[in-house]
Amino acid sequence: MGKKNQLAASPKAKATVSSEEAWEEEKPKTVVVPPVVSLPKGKRPPELLRGFRDILPEEQPSWQVLRNAVREMAEAYGFERIDLPILEHEELFVRTVGKQTDIIEKEMYAFEDQGGERVVLRPEMTASAARAYVNHGMLNLPQPVKLYYVGPNFRYERPQAGRYRQHYQIGFEVFGSGESVMDAQLMVMVFHLLKSVGVETVMRVNSIGTPAARQTYRTELASYYRSHRSVLCEDCKRRLLKNPLRMLDCKAETCQPLKEEAPQMLDWLDEDSKTHFMQVLEFLDEASVSYTLDPYLVRGLDYYNRTVFEVWSAGDQGERSQSSLGGGGRYDGLVELLGGREGTPGCGVALGMERVILAMREVQAPLPVRKIDAFFAQLGDAARRQGLRLFEECRQSGLVVREAFGKSALKAQLELAAKQEAPYALILGQKEVMDGTIIIRDMESGAQEIVNAGRVVSILKKKLETRSIGTGKAVSHTAA
Ligand code: HAM
């Protein structure tokens, strides 16, 4: 295992020109690339690792919208939050995700820690959630146990648009119920979650049955592809020996005609899995969730059985981004595989946050604008001292006030107030401090009013209230 995970030696480390270009496009627009080349090596600023990115303040509103929507949806559907460690035993993922998968073979950030333990930066969180379910005896809780999580994962993949070496996932896991309604409800929930942030989706659904049925199907599939070995792409020749199911995921043009004629998993399902799947589809119909059947969907993780699905942007089913917004399925053997009670069923889904945010950006989903109520400008030390207190008073009363305590010139402060679109400036100079007053300046008209400093909060609130009635816009505070 260790050798395979020597990342520096990974053949995937080289990216094609087109994926590099796509990756460049992903960089936030305000990033100014410093002229590092002319600097001596020791003085160059450290660069980000490829495939890693900073999430800048300007991007945070969409992340916040998504996080809020997740929390609301999780509460509505009865999921409880769990936070899982980023570092886990390597063995956890090898056992569950599967030795022959891309994640384990090529993508894990695995290393030996100072104590000689083989550890990995988690590539996904379902295995960790199942481990936590077993470790904490959650099978003794009323079932099903419904958990959700939000956090980063690490996969040494080839970076491109929407694919990173560190990506964030939102995940929902249901332990302890084998009912088909659970599979459907997960899809209903993510359908509505994404709709609530402006993204319309379609589910791609398939069933891969029981491990035994899948084994028979795998043999059938391998024998079909073996008879066409000469026309297979190089990757598929390798997959044929190791993991024939992955051949159905192949994107190479030469392999497409073969895929269309390949035996389909649905024809090899056992009766129980067939019934289970039909029920899932009926529930989806009932809930009016858009889906398409995808007989070739197998997913890249070994723990799945029965229902598997992916979440795609409506109108983008593979043509544009070739990347799903999310994926999930049933994993009835996972808990047992980790030493939990035999036959504990489970199912779940995870969404890639960066991809959802890209989709939100594409549809120009509306973002909340945090309007400020006033800008506090001061002149002189005494005003600054009093300003600290006044600022606190405003904040506690619910007013959104910006300031520039670090600046001295009034002109510069008022320019900043205008830039931040403050409707009012509160101006405090030496004279006002002595008089116990403060100036309220209407930034639009330039009209100024001197008021009693003790009443500034209530007067400002009144002004904002009157203004909002005039413009028909809501204010961000309650009136005094
Ligand atoms: P997954 O399909 O490997 O499934 O990942 C889920 C989602 O995470 C993907 O659909 C994608 O949106 C996002 N994602 C994955 N890799 C990357 C990447 N390199 N860059 C950006 N986004 C990425 C799982 O991880 C399963 N644990 C899902 C699950 C939960 N199954 C049951 N419960």
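We now turn to the structure provided with this report. (Residues numbered from 1 in each chain as written. Predicted model: local features only at pLDDT ≥ 70, side-chain atom pairs only at ≥ 80, totals over all residues. Heavy atoms only, no water.)

**Here's the deal with the environment of Phe-93**
- Note that Phe-93 resides in helix α3 (residues 90–97).
- For Phe-93 and Val-120, which are 27 residues apart along the polypeptide, the C-alpha to C-alpha distance reads 8.7 Å.
- Not counting residues up to four positions away in its chain, the partners in contact with Phe-93 are Glu-88, Gly-98, Ile-104, Met-108, Val-120, Arg-122, Pro-123, Glu-124, Ala-127 and Ser-128. (Helix = DSSP H or I, 4+ residues; strand = E, 2+ residues; numbered from the N terminus. Contact = heavy atoms within 4.5 Å.)

**Some points on the site of the ligand**
- In the vicinity of the ligand lie 26 residues, with Glu-124, Thr-126, Glu-157, Tyr-164 and Tyr-304 positioned nearest.
- With respect to the ligand, the side chain of Tyr-303 contributes an N or O atom lying 3.0 Å from a nitrogen atom.
- The protein chains hide 96% of the 650 Å² of surface that the ligand would expose on its own.
- Mapped onto the shell around the ligand, the elements with two or more residues apiece are β6 (166–175), β10 (326–330) and β11 (346–352).
- Among the elements that make up the shell around the ligand, the one with the highest residue count is β11 (4 residues).
- Class assignment for the residues of the shell around the ligand results in 9 nonpolar, 10 polar and 7 charged. (Near = heavy atom within 4 Å. Polar contact = N/O pair within 3.5 Å; in protein donor to acceptor, adjacent residues only side chain to side chain. Areas by Shrake-Rupley, 256 points an atom, 1.4 Å probe, with all protein chains shown as cover. Nonpolar A, V, L, I, M, F, W, Y, C, P; charged D, E, K, R; others polar.)

**Points about helix α10 (residues 271–286)**
- For α10, spanning 16 residues, the distance from its first C-alpha to its last is 23 Å, which sits close to the expected 22 Å at 1.5 Å a residue.
- The inward-facing, buried residues of α10 abut α6 (180–196), β7 (201–207), β8 (291–293), β9 (305–313) and β10. (Expected span 1.5 Å × (residues − 1).)

**Details of the sheet that holds strand β3 (residues 109–112)**
- With antiparallel pairing, 3 strands are arranged side by side in an open sheet as β2-β4-β3. The open sheet terminates on both sides in strands that have one partner only, identified here as β2 (87–89) and β3. Neighbouring strand axes in the sheet, compared pairwise and without regard to direction, differ in orientation by 35° on average.
- Relative to strand β4 (residues 118–121), β3 runs antiparallel, the two sharing 4 bridges. If you follow Ala-110 over to β4, its bridge partner there is Val-120.
- Packing of α3 onto the sheet brings it into contact with β2, β3 and β4, and relative to β2 it is tilted by some 70°. (Pairing = 2+ DSSP bridges. Axes fitted to C-alpha atoms, helices over the stretch in contact; angles between N-to-C directions.)

**Some thoughts on the sheet that holds β11**
- Strand order across the open sheet formed by 8 strands is β1-β5-β6-β11-β10-β9-β7-β8, with mixed pairing between neighbours. Each end of this open sheet is capped by a strand with a single partner; those strands are β1 (80–81) and β8.
- With 7 bridges connecting them, β6 and β11 associate as antiparallel partners. Within the sheet, the bridge partner assigned to Gln-169 lies in β11 and is Gly-352.
- Helix-sheet contacts for α6 involve β5 (145–154), β6, β7, β9, β10 and β11, and the interaxial angle to β11 is about 20°.

**Side note on the nonpolar core**
- If you look at the biggest cluster of nonpolar residues, it comprises 54 residues, and the most contacted ones within it are Phe-93, Met-108, Phe-175, Tyr-225, Leu-232 and Leu-248.
- Broken down by element, the residue count for this core peaks at 6 residues, all from helix α7 (residues 211–226).
- Setting aside chain neighbours within four positions, we find Leu-232 in contact with Tyr-225, Lys-237, Leu-240, Met-247, Cys-255 and Leu-258. (Core = buried A, V, L, I, M, F, W, Y, C linked by side-chain atoms within 4.5 Å. Buried < 20%, exposed > 50% of the residue type's maximum accessible area, 1.4 Å probe, protein only.)

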